[in-house]
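Chain by chain, the residues run as shown.
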Amino acid sequence: MNNNLFIAVEPNQNNHTITHCPVETTINMIGGKYKSLILWKLMTATTLRFSQLHREIPCATPKMLTQQLRELEANGLISRKVFPVVPPKVEYSLTDFGRSIKPVLEAMYKWGSHSLKKQGLKVNCSMDAITD
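Values in this document were obtained by computation on a predicted structure and should not be read as measured data.

What counts and what doesn't
Residues numbered from 1 in each chain as written. Predicted model: local features only at pLDDT ≥ 70, side-chain atom pairs only at ≥ 80, totals over all residues. Heavy atoms only, no water. Helix = DSSP H or I, 4+ residues; strand = E, 2+ residues; numbered from the N terminus. Buried < 20%, exposed > 50% of the residue type's maximum accessible area, 1.4 Å probe, protein only. Contact = heavy atoms within 4.5 Å. Areas by Shrake-Rupley, 256 points an atom, 1.4 Å probe, with all protein chains shown as cover. 1 Å grid on protein atoms, 1.4 Å probe; cavity = no way out; pocket = protein on both sides within 12 Å on 5 of 7 lines; lining within 4 Å. Points joined across faces, edges and corners; volume = space filled by probe spheres on them. Nonpolar A, V, L, I, M, F, W, Y, C, P; charged D, E, K, R; others polar.

**Student:** Which residues make up the overall build of the chain, and what are the values?
**Tutor:** For the chain, the count of helices and strands is 6 helices and 5 strands. When its helices and strands are written in sequence order, the chain yields β-β-α-α-β-α-α-β-β-α-α. When each of the 132 residues of the chain is scored for burial, the buried share is 28%. Taking the intrachain contacts of the chain between residues at least 6 apart in sequence as the baseline, contacts between residues at least 24 apart amount to 52%. Roughly 9,100 Å² of accessible area belongs to the chain as shown, and the carbon and sulfur atoms make up 56% of that amount.

Here's what the structure looks like:
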């Protein structure tokens, strides 16, 4: 895990103090453009290949999707399994640590659904509520 992503440096008079903020840590880990969507999709499917993830999140360019997947893997939220075949086959799945983010994502879904409802809008995305 890359611990550098979890540290915020805030000035404290003339020196720097390292702070460890839980909210900032969470945002740093899942706050990328497509990270929450990737995690959500992996919550509802055991494993997904790159092409499947790209179909599920078509607005993500292959380069951006690759970058987001690498960051999630570096943070220990997903695992990447490469099969030695041609053409290359790669599968992504959640780690135990990645599955532990489920309540956070469910709360985000619920809060966002409520916000849309207050605006008179209906949920019409590919993110269905997670069922156990």
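**Student:** Break down the layout of surface pockets for me, with residues and values.
**Tutor:** Looking at the largest pocket, its volume works out to about 270 Å³. Elements that contribute at least two residues to the lining of the largest pocket include exactly helix H2 (35–44) and helix H6 (102–118). Counting residues per element, the lining of the largest pocket draws most heavily on H6, which supplies 6 residues. A per-class count over the lining of the largest pocket returns 12 nonpolar, 5 polar and 3 charged.

Keep in mind that these numbers describe shape and distance, not what the molecule does.
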